[in-house]
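Inside the fold
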Amino acid sequence: MPTPAVITVVITDTNVLINFLHIGQLALLGVLPTYRIQLPAEVLHELTDLAQRTAVDEAIAAGQLDLLVVDALDAMAMFGELRDLMGRGEAACLALAATGGFHLASDEKKRFRRKAIALIGEARILGTEDLLLEAIRCGCITVAQADGYKRVLAEKRYAMPFASFAERL
């Protein structure tokens, strides 16, 4: 009998969702075979663009993304502490990832990234490019498609420090 695939829960921040919305590939997050993408309600509330909010609501309704509530005592306590240092969405993501042993999807830098590394370690932090690489590896998209998405994101001011995804495989 084949060994069942291990599914890694990934708590996503707003910036990763917006990047996938920019490239028109939000549904891609729901088909990555090794990841289950989840977002706290606080992240959903950060989406102020009606079209973006509607798209994420539809992805949740379709089962492509899971909506979470910070309700465990340890997560709520950490959320309260982190809330003094960062935004509500970021604090909720980091509290859930740290207390639940989950991975974190975020493209944030500086203070947030330093705090995330301190709490969960760098190996459990994924960026937009990591999720696109996983999509290439599982055959959901091609390198050429990912490179096209990379160009679109660069136009939206999210530059990746490599010329092609082929370099990262």
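Whatever comes next refers back to the structure up there.
Fair warning: this is a prediction, and the values are worked out from it, not measured in the lab. Here the residue numbers are simple positions, counted from 1 along each chain's written sequence. For a predicted model such as this one, the threshold for reporting local features is a pLDDT of at least 70, and the threshold for listing and counting side-chain atom pairs is 80 or more; totals across whole chains, interfaces and linings nevertheless cover every residue. Side-chain metrics rest on all non-hydrogen atoms present in the structure, leaving aside hydrogens and water.

1. A few points about the overall build of the chain
Looking only at helices and strands, the chain has 8 helices and 5 strands in total. Helix and strand labels come from DSSP, where a helix needs a run of H or I of at least four residues and a strand needs a run of E of at least two; each type is numbered from the N terminus. Ordered by position in the sequence, the α and β elements of the chain form the string β-α-β-α-α-β-α-α-β-α-β-α-α. Radius of gyration means the value over C-alpha atoms here, while the globule rule gives 2.2 Å times the residue count to the 0.38 power. Here the C-alpha radius of gyration of the chain, 16 Å, is about what a compact globule of 169 residues would show, namely 15 Å. Along the first, second and third principal axes, the C-alpha atoms of the chain reach 45 × 45 × 30 Å. Exposed residues in this analysis have more than 50% of their type's maximum accessible area, buried residues have under 20%, and partly exposed residues fall in between, with area computed by a 1.4 Å probe over protein chains only. Evaluated residue by residue, the chain yields a buried proportion of 46% over its 169 residues.

2. Let's talk about the nonpolar core
The set of buried Ala, Val, Leu, Ile, Met, Phe, Trp, Tyr and Cys residues whose side-chain atoms join them within 4.5 Å is what this entry labels a nonpolar core. Among the nonpolar cores identified, the biggest contains 55 residues, and Phe20, Leu26, Leu29, Leu65, Leu131 and Leu132 are the most heavily contacted of them. If you tally residues by element for this core, the top one is helix α5 (residues 88-100), at 7 residues. Residues contacting Leu26, with those up to four places away along its chain left out, are Leu17, Phe20, Leu21, Ala55, Val56, Ala59 and Leu65. Residues count as neighbours in contact if any of their non-hydrogen atoms are within 4.5 Å of one another.

3. Considerations on the packing of α5 against helix α6 (residues 110-120)
Axis definition: a line fitted to C-alpha atoms, limited for helices to the stretch in contact. Angles are taken between N-to-C directions and run from 0 to 180 degrees. At a minimum axis separation of 10 Å, α5 and α6 run at an interaxial angle of 15°. By the angle class used here, α5 and α6 are roughly parallel. For the pair α5 and α6, the sense of crossing is right-handed. Contacts between α5 and α6 involve Glu90, Leu94, Ala97 and Ala98 from the former and Phe112, Lys115, Ala116, Leu119 and Ile120 from the latter. Our angle categories are set so that under 35 degrees counts as roughly parallel, over 145 as roughly antiparallel, 65 to 115 as roughly perpendicular, and the remainder as oblique. When the near helix sits turned anticlockwise from the far one by under a right angle, the crossing is termed left-handed; a clockwise turn instead gives a right-handed crossing.

4. Let's talk about helix α4 (residues 73-83)
What α4 keeps buried is the set Ala75, Met78, Phe79 and Leu82. Take α4 and look down its axis: the buried residues cluster within an arc of 105°, on one side only. In α4, the exposed positions angled more than 90 degrees off the buried face are occupied by Leu73 and Glu81. Where α4 is buried, its residues meet α2 (41-46), α5 and α6. Relevant arc is that of directions from the helix axis to the C-beta atoms, nothing else.

5. A word on the pairing of strand β2 (residues 35-40)
In terms of residue burial, β2 counts as a mostly covered element, since 5 of its 6 residues are buried. A strand pair is defined by DSSP finding two or more bridges across the two strands. Where strand β1 (residues 8-12) lies against β2, 4 bridges are found, and the strand directions are parallel. Note that in β2 the partner of Val10 across the bridge is Ile37. Read from β1 through helix α1 (residues 14-22) to β2, the crossover connection turns out right-handed. Here 3 bridges tie β2 to strand β3 (residues 66-68), and the two strands are oriented parallel to one another. Within the sheet, the bridge partner assigned to Pro40 lies in β3 and is Leu68. A crossover counts as right-handed when, viewed with the strands pointing away from the observer, the path leading from the first strand over the helix to the second turns clockwise.

6. Quick word on the pattern of salt bridges
Criterion for a salt bridge: a side-chain nitrogen of Lys or Arg within 4 Å of a carboxyl oxygen of Asp or Glu. Throughout the structure, instances matching the rule amount to 3 salt bridges. Where Asp57 meets Arg53, a salt bridge forms, and the shortest distance between an N and an O atom there is 3.3 Å. Placement of the pair is Asp57 and Arg53 together in helix α3 (residues 50-61), with a separation of 4 residues, close to one helical turn. Its relative accessible area of 33% is what places Asp57 among the partly exposed residues. When its relative accessible area of 24% is taken as the criterion, Arg53 is described as partly exposed. Between Glu122 and Arg113 there is a salt bridge, and its shortest N-O distance comes to 3.1 Å.

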